[in-house]
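# Examination of the molecular architecture
The primary structure of each chain is shown beneath.
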Amino acid sequence: MNRQFLGYAVLAVVVAALPFMGVYPIFAMKVMCYALFACAFNLLLGFTGLLSFGHAAFLGSAAYAAGHSMKVWGLPTELGLLFGVAVAALLGLAMGAFAIRRSGIYFAMITLALAQMVFFFFLQAGFTGGEDGLQSVPRGTLLGIVDLSNDLNLYYLVMAIFIIGYFIIWRTVNSPFGQVLQAVRENEPRAISLGYDVDRFKLVAFVLSAALAGLAGATKTLVFVSATLSDATWQMSGLVILMTLIGGLGTLTGPVLGAFIVVLLENKVGDFGQMMAKLTGVEWFLRLGESVTIVSGLIFVICVLAFRRGIVGELGALFNRRRAARA
């Protein structure tokens, strides 16, 4: 446990120093927002065994709610973020109450259908800006003191939000409640026979996951000063599944690594293609930046075939095998 906390502390120091190491703050903040989103999704799928195809609804609803409350209602930044989280949690309660009545593929399809209804609502609603999105959201100040228009100040706020969200997930997983969730994932009939109200546990996990996904969405609005329909599309729901599976399903750090890989591909694969075109003289590499989806798909296929547990999961299994061999 002490080694785990030491590792987290070292990572926190490294992340805090990234802006001074030449890393673009907006890129790092985008990674942290998506990492929190993936960790929230992993709490539902990796530790509860519920596959949701509609998690983008919570990311998008919190993004629009926080942006509208800060831009139109003039709420302070802290209250705007909390309002976005509250809206996502309430939406999660409503969707979860319907979805947990079924399991397996039926649960997944219900979440997808409900999320599409939310998406079309955002498309038609006047306050969202439709296809143009909600633009020019003010960042405001933190506690009326810290100017968040400064990217460096905002960076450390986003980092603090990520740490808080990650700690909530870590504490949940390592609590008696989290142990019950894992028991439901492994053998739901056995959990029912032990006297647990499985539906209630599922619903609480669903709402908590939705609230944390909403926290990621509200923070993302603050970073990019906008909320768009892309935050609520089914493609975003698929993207968070991809992040989780690449990094490692059912691990705490896997979704963080998966989010980093996916965001890195979205932002840097075009630069990589230009470099390869210069080195090889093959003009096809110049079009690599337009083929991010293809590259992501190839990486996903490779991970499924070679890393069934995800990158972090496979590394953990390898470490355990070596430790068992030494013992």
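The present account deals with the structure reproduced in this document. (Residues numbered from 1 in each chain as written. Predicted model: local features only at pLDDT ≥ 70, side-chain atom pairs only at ≥ 80, totals over all residues. Heavy atoms only, no water.)

## Examining the pattern of salt bridges
Short version of the rule: Here, a salt bridge means any Lys or Arg side-chain nitrogen found within 4 Å of an Asp or Glu carboxyl oxygen. Exposure classes here rest on a 1.4 Å probe applied to the protein chains alone. A residue is buried below 20% of its type maximum, exposed above 50%, and partly exposed in between.
This model, assessed by the stated rule, comprises four salt bridges. Arg185 is the salt-bridge partner of Glu186, the closest N and O atoms lying 2.8 Å from each other. The exposure class assigned to Glu186 is exposed, which follows from its relative accessible area of 58%. One salt bridge connects Glu188 with Lys202, and the closest N-O pair in it is separated by 3.0 Å.

## Things to note about the packing of helix 1 (residues 2-17) against helix 6 (residues 151-173)
To keep things clear, this is the line we draw: Angles here are taken between N-to-C directions and fall from 0 to 180 degrees, while the axes themselves are lines fitted to C-alpha atoms, restricted in helices to the stretch in contact. Helix and strand labels come from DSSP, where a helix needs a run of H or I of at least four residues and a strand needs a run of E of at least two; each type is numbered from the N terminus. Each angle is binned into one of four classes, with values under 35 degrees roughly parallel, values over 145 roughly antiparallel, values of 65 to 115 roughly perpendicular, and all other values oblique. Crossing handedness is read from the near helix: turned anticlockwise from the far helix by less than a right angle, it gives a left-handed crossing, and turned clockwise, a right-handed one. Throughout, a residue-residue contact means that at least one pair of heavy atoms, one from each residue, lies within 4.5 Å.
Close contact between helix 1 and helix 6 brings their axes to 11 Å; oriented N to C, the two are set at 160 degrees. Comparing their axes, helix 6 and helix 1 come out roughly antiparallel. Here helix 1 and helix 6 pass one another in a crossing that is right-handed. Touching Gln4, Phe5, Tyr8, Ala12, Val15 and Ala16 of helix 1 are Tyr155, Tyr156, Met159, Tyr166 and Trp170, all from helix 6.

## Notes on a nonpolar patch on the surface
Operational definition: A patch consists of residues exposed above 30% relative accessible area that lack any salt bridge, with like charges linked at up to 9 Å and nonpolar side chains (Val, Leu, Ile, Met, Phe, Trp, Tyr) linked at up to 5 Å. Surface accessibility follows the Shrake-Rupley procedure with a 1.4 Å probe radius. Residue values consider only the protein chains on display as shielding.
A surface patch of nonpolar side chains, amounting to about 260 Å² of accessible area, comprises Leu6, Val10 and Val14. Position of Val10 among the secondary structure elements: in helix 1. Look at Val10 and you get partly exposed, because its relative accessible area is 47%.

## Some points on helix 7 (residues 176-186)
Looking at helix 7, one finds that the buried residues are Gly178, Val180, Leu181, Gln182 and Val184. Considering only its buried residues, helix 7 is in contact with helix 6, helix 8 (188-193) and helix 9 (198-224).

## Considerations on the packing of helix 10 (residues 234-247) against helix 13 (residues 310-326)
Stated formally: Following the grouping adopted for this structure description, the nonpolar residues are Ala, Val, Leu, Ile, Met, Phe, Trp, Tyr, Cys and Pro, the charged ones are Asp, Glu, Lys and Arg, and the polar ones are all others, Gly among them.
Two elements in contact, helix 10 and helix 13, have axes separated by 3 Å at closest approach and are oriented at 15 degrees. With respect to helix 13, the axis of helix 10 lies roughly parallel. Residue-level inspection shows Leu245, Ile246 and Gly247 of helix 10 in contact with helix 13, the latter providing Gly310, Ile311, Val312 and Gly313. For the contact of helix 10 with helix 13, the per-class residue count stands at four nonpolar, three polar and no charged.

## Thoughts on unusual backbone geometry
Positive phi is not limited to glycine here, since Ser136 has a value of about 55 degrees. Within the secondary structure, Ser136 is located in the loop between helix 5 (105-124) and strand 1 (141-142). Phi is positive for Val225, which is not a glycine, with a value near 45 degrees. Relative to the helices and strands, Val225 is located in the loop between helix 9 and helix 10.

## Here we look at the environment of Ala9
Topologically, Ala9 is positioned in helix 1. Overall, the relative accessible area of 40% leaves Ala9 in the partly exposed class. For the pair formed by Ala9 and Ile169, sequence separation is 160 residues and the distance between their alpha carbons is 17 Å.

## Section: the side chain of Thr219
Tracing the sequence through the fold places Thr219 in helix 9. In this structure, Thr219 is in contact with Cys33, Leu81, Val158 and Ile161, ignoring residues within four places of it in sequence.

## As for the nonpolar core
The line we're drawing: Residues enter a nonpolar core if they are buried and are Ala, Val, Leu, Ile, Met, Phe, Trp, Tyr or Cys, with the set joined through side-chain atoms within 4.5 Å.
One finds Met29, Phe37, Phe58 and Leu154 to be the most contacted residues of the largest nonpolar core, which totals 85 residues. Ignoring any residue separated from it by four or fewer positions in sequence, one finds Leu154 in contact with Met29, Arg139, Leu148, Leu222 and Val223. Among the nonpolar cores identified, the runner-up in size contains seven residues, and Leu181, Ala191, Val198 and Phe201 belong to it.

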